Amino acid sequence: MRRRRGRKNSKSGASIPLSALQSFTRKRNMFVGHDMLTQIIYATVDQLYHARPPFRGRSLDIAAEVQNRLGTIPHASPSWPARFTHFSGYAAAYYSYLLARVYSSNIWFRYFAADPLNKAEGERLRQAFLRHGSSIEPKALLARYIGDTLDLNCFTKDLHQTTQ
C-alpha cells in the first residue's frame, strides 16, 4: 500500500479525507482558464509596449484595445497597466513566463510524463542544461535538448491537467 504523506491537519493531527483535498484542488483550479487568458493579455500588452518600432498612442489605450479584443470581460479599469509593475523595469519581459511554460510542458510531456524518475533522462537533462551554467545561451540549450519544434499540444495538456 502506498503511504500518503502530508494529509494531516497541522494542529490536530487528524487525517484529512482525500475527497476534501480533491474538492480543494478543483476549487483552486476553477478559474485556471481565465487566469491563463489574463496572462496572455498581459503578455500581448507587454509585446506591444516593447515592440520595435515603438507603438503609437497612449499606453492605456493599447491595454484597453487588447483587453477588449482578447478578454472575456470588457476593459473597465483604465489604470491596471500602471499598477502592473512588470511592464517597466523588468528586463525579461512578461511574455517570457508563458514561453517558459510552453518549453517546460514540452520537456515534461516528451521526456518525463511517462516516467518522472527516469534516471537516464534526468542525467541527459542535467548534462544538457545544468552543467553549462550561464555559459551558453538558453535558446541554444533548448534547441539541443528538444529540437527546434515546440508542440503546443503539450502546453494545452499541461493546462488541462492543471484543471483536473
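Read on for an overview of the structure.

What counts and what doesn't
- Residues numbered from 1 in each chain as written.
- Predicted model: local features only at pLDDT ≥ 70, side-chain atom pairs only at ≥ 80, totals over all residues.
- Heavy atoms only, no water.
- Helix = DSSP H or I, 4+ residues; strand = E, 2+ residues; numbered from the N terminus.
- Polar contact = N/O pair within 3.5 Å; in protein donor to acceptor, adjacent residues only side chain to side chain.
- Contact = heavy atoms within 4.5 Å.
- Buried < 20%, exposed > 50% of the residue type's maximum accessible area, 1.4 Å probe, protein only.
- Phe/Tyr/Trp six-rings, centres within 6.5 Å; stacked < 30°, edge-to-face > 60°.
- Lys NZ or Arg CZ within 6 Å of the ring centre and 35° of its normal.
- Salt bridge = Lys/Arg side-chain N within 4 Å of Asp/Glu carboxyl O.

As a further point, take the side chain of Glu121. Mapping Glu121 onto the fold places it in helix α6 (residues 119–128). At 2.9 Å, the side chain of Glu121 and the side chain of Arg124 are in polar contact. Within the structure, the side chain of Glu121 is placed 2.7 Å from the side chain of Tyr145, a separation counted as a polar contact. Those residues in contact with Glu121 that lie beyond four places of it in its chain are Tyr111, Phe112 and Tyr145.

Before going further, it helps to examine the environment of Ser96. Its location among the elements puts Ser96 in helix α5 (residues 95–112). Distance from Ser96 to Ala43, taken between C-alpha atoms, is 8.0 Å for residues 53 residues apart in sequence.

Right, let's get into the environment of Cys154. Looking at the secondary structure, you find Cys154 in helix α8 (residues 152–163). Since its relative accessible area comes to 4%, Cys154 is described here as buried.

What follows covers the packing of aromatic side chains. Going through the model one piece at a time under the given rule, you end up with 2 aromatic pairs. The rings of Tyr111, Phe129 and Tyr145 are connected pair by pair, giving a single aromatic cluster. Above the plane of the ring of Tyr111 lies Arg124, whose end atom (NZ or CZ) is 4.8 Å from the centre.

The next point concerns the pattern of salt bridges. Overall, the coordinates contain 3 salt bridges when judged by the stated rule. Between Glu123 and Arg126 there is a salt bridge, with the nearest N and O atoms lying 2.9 Å from each other. One end of the pair is Glu123 and the other is Arg126, both in helix α6 and 3 residues apart, which spans about a single turn. For Glu123, a relative accessible area of 34% puts it in the partly exposed group.

Read these as geometric descriptors, not functional statements.
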